[in-house]
Amino acid sequence: MDRLTNTIRPYAWGSTTAIPALLGAEPTGEPQAEMWMGAHPGAPSRLDRGAGGTTLSAVIAADPEGELGSAAVAKFGPALPFLLKILAAGAPLSLQVHPDLAQARVGFEDEERRGVPIDAGHRNYKDANHKPELICALTPFDGLCGFRPPREAADLLEGLGVDSLKPYVDLLRAHPEEAALREVLTAVLTADREEMARTVTETAAAAERLGGPYAPYAGLVHDYPGDPGVIAAMLLNHVRLQPGEAMFLGAGIPHAYLDGLGVELMANSDNVLRCGLTPKHVDVPELLKVVVFEPSAPGVLRPEGGAEEVYETPIDEFRLSRFVLAPGGAPHTLPDAAPQILLCTAGAPTAGELTLAPGESVFVPAGEKVELSGSGTIFRATLVL
């Protein structure tokens, strides 16, 4: 078992205080958006087994079966198939979707063949993997997830009383659901930028004045003035997670995180297609290939089980569970067939011989038995064999 040293990503939307508060550290004044735990090449965790520091990705590459287990390598290949994060949103993240596995492979191969640099701002596919993800709230957590029914979206837009929104309202009411959503999202993202900027300004003013169901959308314009994503966001459901609740996001489902601190677990990928609320590249034709244009209610997940509370998802690349350890409680021995990362978010629990503080994590290779004890909360990220 290895204590991990993890990279904190300073994305502009990150909270300046949430991750430092979890770690018991002084804020730097700079945004601290995500802490990555895993072996993704963009920011692999580091560890030290006595021969000097190295990356978790290098350790796994040197002995995939020894670290991951033969069953995991046979099923997922010689790499850790998941990435665990602490995510701290102080401002809305970009409105985005992720490709499915087939789309990711085709898109990655196409951009590789065309020689698009992997770090190019207009590159869509950084790897050939899909990126389903699960977010579990540590604080009240606001997000947007999945399309509203078109008629409900039409009512919401119409209630703002903004004349320039009327064509979108009419489209939402005049077509079958899939066609309506596709036409409106396409129209919003391809509209004249100056005209859209005026529409966004009027929409934000009306939303702020009306409050209620418009409140989650009112502040978007302060972070992204004139951005068509402000209008696109109103096509989506708003969801508020309470601590311990989670939300699963599959391929093609448009979503955005607005505010809060959470534990995020995903397939080991960085493939994002953006719809708005971002200064970054928005590839509308490619985006329209990936988005699933169907209304979908945001399903709130609550952990199920006894001592190990599991967040059930339809994905084998990752599995998230939680242990809330009470003082004087019986220790818990973890299954050892698969690799796992353990993350402490509260208290001072013990994993094996290591005592963890909030924000600290360890990597446990396959085949190594670990006993959890003490008092606190530990999230367990592993995979399904």
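Whatever comes next refers back to the structure up there.
The structure displayed is predicted, hence computed values, not measured ones.

1. Overview of the packing of helix α7 (residues 166-174) against helix α8 (residues 177-190)
Part 1 of the reasoning: Between α7 and α8, the least distance of the axes is 8 Å, while the angle of their chain directions is 160 degrees. In terms of their interaxial angle, α7 and α8 are classed as roughly antiparallel. Considering the relative orientation of α7 and α8, their crossing is right-handed. Every residue of α8 that contacts α7 at Tyr168, Leu171 and Leu172 is listed here: Ala180, Leu181, Glu183, Val184, Ala187 and Val188.
Part 2 of the reasoning: Looking at the contact of α7 with α8 residue by residue, the class counts come to eight nonpolar, no polar and one charged.

2. Thoughts on the packing of aromatic side chains
Part 1 of the reasoning: Summed over all chains, the structure comprises three aromatic pairs.
Part 2 of the reasoning: A ring pair is formed by Phe141 and Tyr257, whose centres lie 5.4 Å apart and whose planes are at 75 degrees; its orientation type is edge-to-face. Remark: Tyr257 occurs in strand β12 (residues 255-267) and Phe141 occurs in strand β9 (residues 141-147); sequence separation between them is 116 residues.
Part 3 of the reasoning: With relative accessibility at 1%, the residue Phe141 sits in the buried group.
Part 4 of the reasoning: For the pair Phe147 and Phe293, a centre-to-centre distance of 5.7 Å together with 20 degrees between the ring planes defines the contact as stacked. A residue pair is termed long-range when its members are at least 10 positions apart, and Phe147 in strand β9 and Phe293 in the loop between α13 (284-290) and β14 (300-301) qualify at 146 residues.
Part 5 of the reasoning: Geometry around Trp36 places Arg9 over its ring, the cationic atom sitting 4.6 Å from the centre.
Part 6 of the reasoning: Taking the ring centre of Tyr11 as reference, the NZ or CZ of Lys280 above it sits at 6.0 Å.

Analysis parameters
Residues numbered from 1 in each chain as written. Predicted model: local features only at pLDDT ≥ 70, side-chain atom pairs only at ≥ 80, totals over all residues. Heavy atoms only, no water. Axes fitted to C-alpha atoms, helices over the stretch in contact; angles between N-to-C directions. Helix = DSSP H or I, 4+ residues; strand = E, 2+ residues; numbered from the N terminus. Parallel < 35°, antiparallel > 145°, perpendicular 65-115°, else oblique. Left-handed = near helix turned anticlockwise from the far one by under 90°. Contact = heavy atoms within 4.5 Å. Nonpolar A, V, L, I, M, F, W, Y, C, P; charged D, E, K, R; others polar. Phe/Tyr/Trp six-rings, centres within 6.5 Å; stacked < 30°, edge-to-face > 60°. Buried < 20%, exposed > 50% of the residue type's maximum accessible area, 1.4 Å probe, protein only. Lys NZ or Arg CZ within 6 Å of the ring centre and 35° of its normal.

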